[in-house]
Amino acid sequence: MSDFEHVFEKPPEGAAEDWTIPQDWEAYTDVEHQTWDTLYARQMKILPGRAASVFFDGLKALDLNTGGIPDFAEMNPKLQALTGWTVVCVPGLVPDDVFFDHLANRRFPSGQFIRRPDQLDYLQEPDIFHDVFGHVPMLTHPDFADYMEAYGRGGQRAASLGMLPNLARLYWYTVEFGLMREAEDLRIYGAGIVSSATESVFCLEDPSPNRLGFDLERVMRTLYRIDDFQQVYFVIDTIEQLKQETLRDFAPIYERLEGAETIAIEAIQPSDVVFARGTQAYAAKGGRFAA
């Protein structure tokens, strides 16, 4: 869940009180396993040279390339040994408090179903490919694992303070659509990008979107879109930076944001650090490198 909308108001039939359901791995059909393999193979042709090394490290650590939809009974012990996280199945998008509670307790909620073969390029609701291929490899990195737990705890607080829209933007522009610096270039780590064949290319190579240096308050004020490619991406220096930003006390930030106007998706602020296409370093404050 990334835009904090949900379908159900109470656990559907067959779900536990925490909204979890069995994966029921044996029930997946050959067609569903083949769909996973098709999506996996397609992304592995696109992502080398585009995705962050930590993402590939996570794929390898979890053996997600063995063919077919991963069996959580086999995957979870490997993930838990690395960072203490596990993946649980849920029937769809879940209420905010349920989502945050899972994250705060190092449980990542994943859809149980996989898209149909005629839906390879777009699916509105996250499926198991988006959730497991896109999100779970990053959870093998200790700093990112800590960030996600801290985010879950922060979400519980933000909801009580009426600041959930601001915090949702942080998730959107990092966990889902984040870019990072690596080897003096830009690389993808956000799940919404690494699981998308088209946006994996668009986010780095198309001249139209803005790519801005990460600034926590700037991110929390920036609107986002859910129906098309992003027109702004935020670039972190390191995952440790992301973790440290999230461990800060958000109370004074929320006080400043309470009366602040939102920032349009396409806007450039005077203080923004802007990456131009093909650049290999930060631009000066308020400046822009030539492509």
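If you're wondering where the values come from, they're calculated on a predicted model, not measured in any experiment.

Basis of the calculations
Residues numbered from 1 in each chain as written. Predicted model: local features only at pLDDT ≥ 70, side-chain atom pairs only at ≥ 80, totals over all residues. Heavy atoms only, no water. Buried < 20%, exposed > 50% of the residue type's maximum accessible area, 1.4 Å probe, protein only. Helix = DSSP H or I, 4+ residues; strand = E, 2+ residues; numbered from the N terminus. Arc of directions from axis to C-beta. Contact = heavy atoms within 4.5 Å. Pairing = 2+ DSSP bridges. Right-handed = clockwise from strand over helix to strand, strands pointing away.

(A) Molecular detail of helix 7 (residues 164-176). With 12 of 13 residues buried, helix 7 lies mostly within the body of the structure. Buried residues of helix 7: Leu164, Asn166, Leu167, Ala168, Arg169, Leu170, Tyr171, Trp172, Tyr173, Thr174, Val175 and Glu176, and no others.

(B) Geometry of helix 11 (residues 239-246). Looking only at helix 11, the buried set comprises Ile239, Leu242, Lys243, Glu245 and Thr246. For helix 11, the buried positions fall inside an angular range of 160° around the axis, keeping them on one side. The elements touched by buried residues of helix 11 are helix 2 (53-62), helix 6 (142-161), helix 7, strand 3 (179-182), helix 10 (216-221) and strand 6 (232-236).

(C) Seen up close, the pairing of strand 6. Burial of strand 6 is extensive: 5 of the 5 residues sit out of reach of the surface. Of the two faces of strand 6, the one lined by Val232, Phe234 and Ile236 and the one lined by Tyr233 and Val235 are each fully buried. Looking at chain direction, strand 3 and strand 6 are connected through 2 bridges and run parallel. If you follow Leu179 over to strand 6, its bridge partner there is Val235. One ladder, built from 4 bridges, connects strand 5 (residues 210-213) with strand 6; its direction is parallel. Opposite Asn210, over in strand 6, you have Val232 as the bridge partner. Taking the sense of rotation as the criterion, the β-α-β connection linking strand 5, helix 10 and strand 6 turns out right-handed.

This is a description of form; function is not addressed.
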